[in-house]
There are 2 protein chains.
Amino acid sequence: MEVRVAEEIFKEFKEHSIAEFFKKNRQMLGYSGMVRSLVTVVHEYVTNSLDACEEAGILPDITVEVKETSDTHYTVKVTDNGPGVPKAYIGKALATVLAGTKFHRYVQQRGQQGIGAAGCTLFAQITTGKEISVRSSTGKGKAYTCKVAIDTVRNKPIVTDLTEMNDGPSGLSVEGEFADVKYENSDHGVYEYLKRTALSNPHCQIRFIDPTGKENLFIRSVNVMPARPEATLPHPLGLSVNDLLDFARLSQSRKVSSFLVDTFARLTSNKVAELKEIAKGVDFDKAPESLTWPEAEELIKAIRTVKWIAPEATSIVPIGKEQISIALKNILNPDFMNVVQRKPGVFRGGVPFVIEAAVCYGGNSGEKTDEGHSGTMLRFANRVPLLFDASNCALTDAMKGVLWKRYNIDLDTQPVSILVSICSVHVPYAGVGKEAVSKEDEIIAEAKLAIMDAARGVQQYIRGKQHASFEANRYKTTMRYAKQLAKDVADLTGYDEKKVEEDIKALTLKHYPHLKENASEDQGQDDSGQRNDQASEPDEEKENQ
Amino acid sequence: MEVRVAEEIFKEFKEHSIAEFFKKNRQMLGYSGMVRSLVTVVHEYVTNSLDACEEAGILPDITVEVKETSDTHYTVKVTDNGPGVPKAYIGKALATVLAGTKFHRYVQQRGQQGIGAAGCTLFAQITTGKEISVRSSTGKGKAYTCKVAIDTVRNKPIVTDLTEMNDGPSGLSVEGEFADVKYENSDHGVYEYLKRTALSNPHCQIRFIDPTGKENLFIRSVNVMPARPEATLPHPLGLSVNDLLDFARLSQSRKVSSFLVDTFARLTSNKVAELKEIAKGVDFDKAPESLTWPEAEELIKAIRTVKWIAPEATSIVPIGKEQISIALKNILNPDFMNVVQRKPGVFRGGVPFVIEAAVCYGGNSGEKTDEGHSGTMLRFANRVPLLFDASNCALTDAMKGVLWKRYNIDLDTQPVSILVSICSVHVPYAGVGKEAVSKEDEIIAEAKLAIMDAARGVQQYIRGKQHASFEANRYKTTMRYAKQLAKDVADLTGYDEKKVEEDIKALTLKHYPHLKENASEDQGQDDSGQRNDQASEPDEEKENQ
């Protein structure tokens with residue numbers, strides 16, 4: 001075998017751009033499988049529209065149009081009423097991977113990577129060779145249209161055909177043509193994606209024109225904007241040594257002590273005094289940028305021994321119990337449901353997150369199967385539905401970890417839908433395609449508790465339903481014998497047959513006092529559900545150990 | 001709610017480097033979970049060493065040393081006898097994300113992204129703030145040591161403490177200190193990772209010094225280098241329109257026709273003539289760089305209607321049936337196994353890949369459980385063991401898709417190990433962390449057929465084993481009665497008891513002629529296993545539909 005030396009091998013050494021990387025590995029962005037690829041395109045554009053509208057304080061009105069142009073070729077057009085994109089930024093916004101407004105903010109957002117829209121441009125380009133057509137207005141009568149492509153070798157935008165005009169309200173419209181995609185009306189298709197998006201964004205109106213030309217309207221069910229998540233200061237418990245040093249280097253403060261108070265949440269001057277007591281080796285009066293790694297390490301250790309108030313959750317805006325209830329009623333119309341929102345938790349020491357969960361029974365819950373029904377799961381992260389990679393997701397693990405039998409629920413046969421949503425300043429996605437939440441222990445545990453909470457509220461209803469059907473059967477059976485029994489008693493005793501029958505019936509009814517009322521009463525909607533008695537809780541907590 | 005306009009929002013628009021991105025999303029590189037993070041470091045360095053040795057034509061000798069320095073802090077040192085890295089490249093090789101020698105080559109390699117080693121540097125830096133220590137010699141008496149860090153904001157290397165010297169054979173040694181990691185002797189730990197690496201790289205010798213100081217040696221079991229995969233021309237069927245245009249732009253050929261013949265495999269001038277007949281709208285005499293998208297699209301359509309010889313598999317070097325057998329014998333020492341190698345398949349039209357599979361029974365196969373045994377799976381991609389994200393992987397789907405009952409195999413109770421390996425010019429990984437193979441239909445189908453092939457060879461052995469144990473039981477039972485029966489017959493007839501007993505025993509033994517031999521004989525190793533009779537095959541194929 002020929003032996004090659006290093007100098008020769010390294011002649012081939014090259015750097016390549018992130019755009020080039022994803023061009024070769026498009027499956028990592030969600031572009032694998034024809035149905036999924038189409039959903040990914042819709043997902044990226046709709047996500048960006050929602051983020052933009054929210055940031056501008058505008059109730060989102062989004063139109064999605066999917067047209068089949070030829071075999072496996074489709075156009076996707078997404079139009080919003082958001083703030084638009086200034087001309088100077090349109091190229092980078094749509095055709096530079098890892099560029100955006102959101103990457104360094106400590107606030108809950110759907111997008112943040114700056115990969116999504118550029119990924120769409122890349123995908124259009126490598127499957128149809130076509131640019132993305134854009135129309136944007138920033139709403140002061142200034143609008144333009146253009147075409148955008150990406151120079152993958154340099155990861156730079158190519159903007160052409162720029163035409164400026166004066167008209168229209170603010171908004172952005174993007175349209176691309178993609179091949180290697182397919183529209184399918186399935187659980188993993190565009191329709192389902194938009195339905196779930198509407199569910200988790202009830203303040204949003206979505207008009208969807210599908211490839212048959214049919215218009216589907218997901219109406220706005222809540223007429224107020226969700227509270228804007230506030231960018232907050234990072235919590236000390238979420239910091240690594242490296243984070244602390246990064247912040248120190250950027251700090252304008254003159255001393256370490258004031259840097260700490262200025263930069264982090266819950267870090268008061270009292271806390272600094274406490275830290276001084278523990279981190280004896282740190283000079284709190286020196287300039288923050290001169291902090292060394294050992295000093296920062298000592299500081300972090302001290303931070304982890306001091307007691308802290310939990311991070312504020314103002315940077316997180318969960319969907320909301322009421323909003324979830326309204327949306328679930330609109331979309332699934334279940335016979336019964338229970339929605340819970342847990343208190344904020346933290347993972348990796350101090351990154352705050354909030355889990356919401358709901359369990360729905362009956363109506364359009366679950367999935368229809370040949371034999372009847374089975375349970376389904378709806379996963380969300382920062383209000384974005386997650387349709388793929390379920391097996392790789394912390395939320396799925398949480399759902400699977402619940403002992404459903406305890407709640408009288410059988411996911412194999414009952415019409416049950418389980419919703420789990422995580423909202424966080426930084427959702428730890430398992431992959432660049434953001435279809436699954438990384439399996440952090442704290443997230444799995446918290447999601448499991450939330451699902452158990454929600455299930456507990458449905459349990460009584462299901463148990464009641466089972467009990468009621470059992471009682472109704474016994475009552476009916478007894479009643480069947482009443483006439484015959486009355487006749488026999490009358491024959492034997494000479495009493496009046498009618499009277500005996502009435503007595504038997506009255507006696508039986510006395511035994512099942514709630515039956516008549518219940519028979520006609522609809523236990524109906526109760527979004528708060530019924531919590532079980534506290535006595536059962538210790539048991540449930542055990543399950544979670 | 002305050003309304004913000006676009007200009008204001010886009011003031012915050014920024015680009016960020018890929019290093020910065022992964023710093024924030026280290027879980028995407030495999031740095032999530034303390035045990036997994038440590039394995040990821042070892043994996044990245046060992047993979048690079050193996051690739052480097054193979055490329056230089058050197059039988060790899062690798063030493064891995066893991067030491068605990070303090071709570072959750074470990075050092076990892078990997079030393080190889082490879083070609084080393086020239087001084088001018090060491091910074092970029094270890095501290096620039098997306099840089100390397102392998103990205104654009106059309107050849108099977110373990111690494112190719114140029115992310116792994118830089119990821120380790122990043123991970124050391126953000127968990128301990130320390131640089132990576134390097135010692136390299138390119139083997140002509142020229143050696144150096146240095147420290148390497150990464151400027152994450154610019155994705156550029158920082159090389160310090162460079163000292164040159166004159167000594168030593170060629171090789172590279174890298175050492176880093178990492179926190180947030182943990183050594184564990186489990187199925188997902190470093191020891192297991194190296195054991196499996198030895199299995200899929202029998203030409204490699206690995207010395208592993210674990211944190212207790214114990215030295216574990218995985219010896220070289222094959223003394224020849226695997227054939228070097230040849231970089232081959234891409235096959236026309238694997239091309240997208242965009243690929244074709246990319247190649248055309250880089251081409252030195254003067255005409256489209258010669259460009260096609262020069263650039264692609266199996267594309268002869270006869271084939272060009274065929275293509276001309278179909279793609280009437282394409283001018284084959286014009287310069288390749290002037291090809292338009294519609295022309296390229298027409299060409300690709302024509303390419304897909306013409307018949308092609310399958311891609312050469314010289315760019316792929318699977319592990320090899322014999323090598324797998326030797327390695328499995330060394331490591332699992334099964335009572336029986338069957339190893340198969342399938343013919344090259346293609347996915348996405350024309351990317352070639354080869355699947356190998358083995359099913360082992362007995363010995364150290366499977367996993368010991370409280371109740372006895374259960375089956376395990378060993379996944380490999382380009383000879384690299386995949387330890388994580390099993391549920392997200394095409395190879396797992398293939399394994400789960402097999403109807404094991406048909407092969408008399410019960411994965412819940414039997415000591416069975418299933419090995420599946422994919423080798424390809426471009427393994428489509430599901431994520432940047434490369435722990436799972438993306439679920440391409442062709443790969444799942446091909447892997448399933450391979451596993452079924454392998455299982456079929458084991459089936460007869462297991463059936464035989466079951467039958468033998470059944471017969472042995474009957475024989476033993478009959479023998480238990482022989483003495484009593486002889487006595488009774490003797491009593492009744494007056495015949496000699498001894499003689500009657502001997503007759504009965506002889507008669508019984510006549511019924512089970514193979515029993516005595518089999519009892520002492522070890523059916524032993526037969527790496528080719530036994531293929532079932534052809535008659536059962538159509539049945540099996542059905543299962544795969």
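Structure's up top.
Calculation notes
Counting from 1, residues in each chain are numbered in the order their sequence is written. All chains are assigned letters beginning with A, and all ligands numbers beginning with 1, in the order in which they are written. Only residues with pLDDT of at least 70 get local features here, since the model is predicted, and only at 80 or more are side-chain atom pairs given and counted; chain-wide, interface and lining totals rely on the full set of residues. Segments assigned H or I by DSSP are reported as helices when at least four residues long, segments assigned E as strands when at least two residues long, and all are numbered from the N terminus. Partly exposed residues are those falling between the two cut-offs: more than 12 but fewer than 20 other C-beta atoms within 10 Å of their own, whereas 20 or more means buried and 12 or fewer means exposed, with C-beta atoms placed from the backbone. Residue pairs qualify as contacts under a 7 Å threshold applied to their C-beta atoms, which are placed from the backbone. Nonpolar residues are Ala, Val, Leu, Ile, Met, Phe, Trp, Tyr, Cys and Pro. Charged residues are Asp, Glu, Lys and Arg, and all others, Gly as well, are polar. DSSP bridges decide pairing: two strands pair if at least two such bridges lie between them. Copies are brought into register by a least-squares superposition over C-alpha atoms of residues with pLDDT of at least 70 in both. Here, axes are lines fitted to C-alpha atoms. For helices the fit covers the stretch in contact, and angles between N-to-C directions go from 0 to 180 degrees. The nonpolar core criterion groups buried Ala, Val, Leu, Ile, Met, Phe, Trp, Tyr and Cys residues into a set whenever they are joined through C-beta atoms within 7 Å.

### Considerations on the overall build of chain A
Next, step 1: Helix and strand counts for chain A come out as 16 helices and 18 strands.
Next, step 2: Taken over 545 residues, chain A has a buried fraction of 50%.

### Points about the interface of chain A and chain B
Next, step 1: Contacts between the two partners involve 57 residues from chain A and, on the opposite side, 56 residues from chain B.
Next, step 2: Contributions of two or more residues to the side of chain A that touches chain B are made by helix H1 (6–9), strand S1 (14–15), helix H2 (18–24), helix H3 (34–56), strand S4 (99–100), helix H5 (116–128) and helix H7 (241–250) of chain A.
Next, step 3: Class assignment of the residues belonging to the side of chain A that touches chain B gives a composition of 26 nonpolar, 21 polar and 10 charged.
Next, step 4: Where S4 of chain A and strand S1 (residues 14–15) of chain B come together, two bridges link them in antiparallel fashion. Its bridge partner being in S1 of chain B, Gly100 of chain A is matched across the sheet by Lys14 of chain B.

### Some details on the relation of the copies chain A and chain B
Next, step 1: Superposition of chain A onto chain B requires a rotation of 180° combined with a translation of 0.0 Å along the rotation axis, giving an RMSD of 0.5 Å. The two molecules are tied by a two-fold rotation axis, judged by turn and shift.
Next, step 2: When you check the interface residues of chain A against chain B, 98% turn up at the interface there too, and the contact is symmetric in its surfaces.

### Structural notes on the pairing of strand S5 (residues 132–137) of chain B
Residues and elements named next belong to chain B.
Next, step 1: In this sheet, strand S6 (residues 143–151) lies alongside S5 in antiparallel orientation, the contact comprising six bridges. Bridging across to S6, Ser133 finds its partner in Lys147.
Next, step 2: Connecting the antiparallel pair S5 and S6 is a turn made up of five residues, with Gly139 showing a positive phi of about 90°.
Next, step 3: Where S5 lies against strand S8 (residues 171–178), five bridges are found, and the strand directions are antiparallel. Bridging from a neighbouring strand, Ser133 pairs with Glu175 of S8.

### Notes on the sheet that holds strand S8 (residues 171–178) of chain A
Residues and elements named next belong to chain A.
Next, step 1: Within the open sheet, the eight strands sit side by side as S7-S6-S5-S8-S3-S2-S9-S10. Their pairing is mixed. Edge positions in the sheet fall to strand S7 (156–165) and strand S10 (215–218), since each of these pairs with one other strand and no more. Here the average twist between neighbouring strands, direction ignored, is 15°.
Next, step 2: Seen against the sheet, H3 touches strand S2 (61–70), strand S3 (73–79) and S8 and runs at an angle of roughly 10° to S3.
Next, step 3: Across the sheet, H5 lies against S3, strand S5 (132–137), strand S6 (143–151) and S8, angled at about 30° from S8, the strand it touches most.

### With respect to the nonpolar core
Next, step 1: Among the nonpolar cores identified, the biggest contains 258 residues, and Ile451 of chain A together with Ile451 of chain B are the most heavily contacted of them.
Next, step 2: Beyond its immediate chain neighbours, meaning those up to four positions away, Ile451 of chain A contacts Ala357, Ala398, Met399, Val402, Ile418 and Val420 of chain A.
Next, step 3: Formed by 21 residues, the second largest nonpolar core is a distinct cluster that contains Leu239, Ala265, Leu275 and Leu299 of chain A.

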